[in-house]
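# Chains, contacts and geometry: an overview
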Amino acid sequence: MVGVLLAISILTFLIFTAIPHPELQIAGRFPTQATLDHIRHQWGFDQPVYERYLTIMKLVFTGKIISYTQQVNVVHQLWVLLPVTASLAIGAGIIWLSLGILFGVLSAWRAGGWLDRWLTVLALIGVSMPVFFLGAVLSYYIGDKLGWLPPGDYVKLTTDPWEWFKHLILPWLALSVLFIGVYSRVLRSTILDTVNDDYVRTARAKGLNERQVMTRHVLRNSLIPIVTLFGLDFAAVIGGGAILTETVFSLHGIGQYAAQSVQALDIPPVLVITLFGAFAVVIIGAIVDILYAVLDPRIRL
Amino acid sequence: MSTTTTGTELGADLPERRDAAGEELPPGIGPYALAWRRLRRNKVALAFGALFLVIVILCLLAPVYAHDIAHTGPNDQHVDTALDQFGLPIGPTWHAKFFLGADNTGRDVAVRLLYGGRNSLQIGAEATLITMLLATIFGVLAGYYRGATDGLISRAFEVIWAFPVYLLGISLGVVLAISGLDLGFIHISGSSLLITSLIIGLIYTPYVGKSIRGQVLGLREREFIDAARQQGIGNFRIMFHEILPNVSSTIIVFIPLVLANAILTEAGLSYLGAGVRPPNASWGTMIGDGIRLLPSAVHTMLVPGIMLMLCVLGVNVFGDGVRDALDPRARIRIDH
């Protein structure tokens, strides 16, 4: 795990060393050569690559890392922006997990029927739409035209809970649609496979009623791939993977911060956010592995 | 009495075979022919595949449309005719000129849609090709040789896959757009579409590669590989002639999946400014431009978005059909 994080930090850093003149990002408009040289020296751009890497990693881990363009402490900035991304991720996560499971179970229950067919169609449409397009459509038609919900921006939970909620409904929906599509189809096919397994026949032969068979055996095993997927997806969203949703709805979260930093060629935020995101994925992966053992008694840690 | 699909409807028109004693043998048909027959019966999948083909053909005919029907190029700005008195672009006229309206600098949306579609589809196709090539090569190598080779390749897959997808994409996209790619023997300019294709292709390689590797790990233990080794066949020939044909159905199943995701990812990257850059256009950049004009001129956003959605939907439904045809009992695991 540490190796992966190390490799990621090195890779991210190396990617940005391809930029020829980083001092231009820090200097203001029309810098003189003297200013540029001064910045190069002060920020250490004239040092060899590996030294720059070590310097920057030290700054990251001591929490003192400063952004190139905005002279703010990146870690502090992340801390400020985290509640936005967390609100988006947790709310959307609850929605997509529950609806994904619900639709998957409904589809499998009446497999081949009209409900199944329509849910599959919806799932396929959801998976085929780019998130930012869906977000823009929702924001425009429900936000601007109908005025039922605000088209964008974020209101803090502590300022006004109802407004916080209203501002997040559309982003939650936009972000969830894709995942609901994927999860419902994966769950549906897993359930249909599991139902034909031998141990389900045994359970029925033992005399368990259908509901018991479904919950204790079929669902428990079918939910395993869903749990893995959810762990990975949720970690990805928290770690800044909701870039598109946040940008479209003007939610100033980690994702949008990352996107802006990349476009400004601002390395420190990108480095820190990438590490943060990868770290989240790895940690949650470990939690998911533990959950596996709970759900599937055949697996021993 | 045959109860499999081979023997009943799907094999109904196969020629009769008889063995040496004149007894009737069950009709023979190979797995790909069988899959093709299954696919042919799936009208919905075929319909959506046709939809995708129609979109591709329309985009390929972009110059014809621009020259002969709309009489305007994708970057020609007609500020005088295309903007109304408020300076807002006109909506769809449903006539030859400005069939789907204009954008905020007076360019014909329909023409741009087709030209942009060429870029989006080109990047999608190139990225898919790159992913399948790299994933197959490295997946087979890792699964067959195991040991240190597998260790190295799997670690590389893990690192790439652990990167938050869009962060890797936009970092590479922005940096390579500035500096271009210069690997000594390969020089790619920063404004080339190939850069975006390479990035997207690289991002999806671990996903497919892990699946292929898993399958090869199982395959290499089978008897026919032992038999081949005992015949003295070298490793590369084994990988090419024995292992590769057996992973080919996995590869075929993944292609539409990767293509759909590649097109969507390109749109996302371009929207963020890290994919296709001006003066090139793609559906992603067009949607982005349209979004920035909201709440006015909603057609500038809707038109490329709906086109993109229809295209990806076509690929997805057809891909589902291909998967059902090749693997009706879902033995190929796509999730990991």
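Rules used in this analysis
- Residues numbered from 1 in each chain as written.
- Chains lettered and ligands numbered in written order.
- Predicted model: local features only at pLDDT ≥ 70, side-chain atom pairs only at ≥ 80, totals over all residues.
- Helix = DSSP H or I, 4+ residues; strand = E, 2+ residues; numbered from the N terminus.
- Buried ≥ 20, exposed ≤ 12 C-beta atoms within 10 Å, placed from the backbone.
- Contact = placed C-beta atoms within 7 Å.
- Axes fitted to C-alpha atoms, helices over the stretch in contact; angles between N-to-C directions.
- Parallel < 35°, antiparallel > 145°, perpendicular 65-115°, else oblique.
- Left-handed = near helix turned anticlockwise from the far one by under 90°.
- Nonpolar A, V, L, I, M, F, W, Y, C, P; charged D, E, K, R; others polar.
- Core = buried A, V, L, I, M, F, W, Y, C linked by C-beta atoms within 7 Å.
- Expected span 1.5 Å × (residues − 1).
- Bend = angle between axes of the 7 residues up to and from the residue.
- pLDDT = per-residue confidence, 0-100.

Attention now goes to the overall build of chain B. Per the secondary structure count, chain B includes 12 helices and 4 strands. The proportion of buried residues among the 336 residues of chain B is 46%. Nonlocal contacts in chain B, meaning residues at least 24 apart in sequence, comprise 70% of its contacts between residues at least 6 apart.

Moving on, we come to the overall build of chain A. Helix and strand content of chain A: 13 helices and 0 strands. For chain A, buried positions account for 37% of its 301 residues. Pairs at least 24 apart in sequence give 71% of the contacts found in chain A among residues at least 6 apart.

Relative orientation of the contacting elements helix 1 (residues 2-17) of chain A and helix 6 (residues 147-162) of chain B amounts to 65°, with a least axis distance of 9 Å. Relative to helix 6 of chain B, the element helix 1 of chain A lies roughly perpendicular. The interaxial crossing formed by helix 1 of chain A with helix 6 of chain B has right-handed handedness. Residues Val4(A), Ala7(A), Ile8(A) and Leu11(A) of helix 1 of chain A form the contact with helix 6 of chain B, whose participating residues are Glu158(B), Val159(B) and Ala162(B). Its residues assigned to classes, the contact of helix 1 of chain A with helix 6 of chain B comprises 6 nonpolar, no polar and 1 charged.

Another aspect to go through is the interface of chain A and chain B. Facing 46 residues of chain A, the contacting portion of chain B comprises 37 residues. Among the secondary structure elements, those contributing two or more residues to the side of chain A that touches chain B are helix 1, helix 6 (114-128), helix 7 (131-145), helix 8 (161-195), helix 10 (210-241), helix 11 (243-248), helix 12 (254-263) and helix 13 (267-295) of chain A.

A word on the nonpolar core. Tyr183(A), Ala258(A), Ile170(B) and Val312(B) are the most contacted members of the largest nonpolar core, which totals 163 residues. By residue number, the principal contributor to this core is helix 5 (residues 109-145) of chain B, which donates 17 residues. The residues contacting Tyr183(A), other than those within four sequence positions of it, are Trp96(A), Gly100(A), Ile101(A), Gly104(A), Ile226(A) and Leu229(A).

Okay, helix 8 (residues 193-219) of chain B next. Residues and elements named next belong to chain B. With 27 residues, helix 8 should cover 39 Å at 1.5 Å per step; its first-to-last C-alpha distance of 37 Å lies within 8% of that length. A bend of about 35° at Thr 205 is the largest found in helix 8, and the proline Pro 206 appears one to four places after it. By the criterion of burial, helix 8 is predominantly enclosed, with 20 of the 27 residues buried.

So, on to the packing of helix 5 of chain B against helix 8 of chain B. Between helix 5 of chain B and helix 8 of chain B, whose axes approach to 5 Å, the crossing angle comes to 35°. With respect to the hand of their crossing, helix 5 of chain B and helix 8 of chain B are arranged in right-handed fashion.

Further remarks concern the environment of Leu192(A). Residues and elements named next belong to chain A. With respect to the helices, strands and loops of the structure, Leu 192 is situated in helix 8. For the pair Leu 192 and Ser 222, spaced 30 residues apart in sequence, the C-alpha separation works out to 9.0 Å. If near-sequence neighbours (up to four positions away) are discounted, Leu 192 is found in contact with Ala 108 and Ala 111.

Positive phi outside glycine occurs at Ser250(A), with the angle close to 55°. A tally of 14 C-beta atoms within 10 Å means that Ser250(A) is categorised as partly exposed. Although it is not a glycine, Arg146(B) adopts a positive phi angle of roughly 50°. Take Arg146(B): it is sitting in the loop between helix 5 and helix 6.

Residues and elements named next belong to chain B. On average, residues of chain B score 83 in pLDDT, and 90% of them are at 70 or above. Below a pLDDT of 50 lies the segment residues 1-7, which in the model reaches 9 contacts outside its immediate sequence neighbourhood of four places, other chains included. Here the complex is predicted with pTM 0.85, and the ipTM for its interfaces comes to 0.82.

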